[in-house]
Amino acid sequence: MQLEFITVEEFYFALTLAVRTLEELTTPGLSEQVRKRLEEKCGQPSTVVAASQNTYNYVFRVKEVDNSPAPQLILSIADWQGHLRLSSDYGWTLDSDRKPIRTEKFAQRGAFSQQVRSHLQDWLQIPLL
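About the thresholds
- Residues numbered from 1 in each chain as written.
- Predicted model: local features only at pLDDT ≥ 70, side-chain atom pairs only at ≥ 80, totals over all residues.
- Heavy atoms only, no water.
- Helix = DSSP H or I, 4+ residues; strand = E, 2+ residues; numbered from the N terminus.
- Buried < 20%, exposed > 50% of the residue type's maximum accessible area, 1.4 Å probe, protein only.
- Pairing = 2+ DSSP bridges.
- Axes fitted to C-alpha atoms, helices over the stretch in contact; angles between N-to-C directions.
- Contact = heavy atoms within 4.5 Å.

**Remarks on unusual backbone geometry**
Cis geometry is adopted by the peptide bond preceding Pro69, which originates at Ser68 and carries an omega value of 10°. Looking at where Pro69 falls in the secondary structure, it is placed in the loop between β3 (57-63) and β4 (74-80). One non-glycine residue with positive phi stands out, namely Gln81, at about 55°. Here Gln81 falls in the exposed class, since its relative accessible area comes to 57%. Phi at Arg98 takes a positive value of approximately 65°, unusual for a residue other than glycine. Structurally, Arg98 can be placed in the loop between β6 (92-94) and β7 (100-102).

Here it is, written out as structure tokens:
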């Protein structure tokens, strides 16, 4: 798995309506640790956040993971009310009306989430498993 950071300038163009929460991690302090590490590695977040319940959102294109029939794979790492929220469009795509629909990979979202957590743990050097 390889992550390609999406900057705030290109976020709008990478946005997909199919991104859904993979999981929320409620370990106290974890969200802030991840924010600091992502800021060190990527700079400012992908989105400008103005709400108190959500203070950052780093968005990545995921390379080397098949999300067919969707043309790309998106991962969002954000805080939500002090918790770490991992979201992705893995197992989802948009139909011709741009409405999210499940794909055959939807049943594998749990395994993909574990793969994401493992990758982030190695990359950020913060225990997530």
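**Things to note about the sheet that holds strand β5 (residues 83-88)**
Pairing is antiparallel in the open sheet, where five strands are placed in the order β1-β3-β4-β5-β2. Strands at the two margins of the open sheet, each flanked by one partner only, are β1 (2-6) and β2 (20-25). With direction set aside, neighbouring strand axes in the sheet form an average angle of 30°. Here β2 pairs with β5 via five bridges, running antiparallel. When the bridges of β5 are listed, Leu25 appears paired with Leu84. Helix α2 (residues 30-42) rests against β1, β2, β3, β4 and β5 of the sheet, and its axis sits at about 65° to β3.

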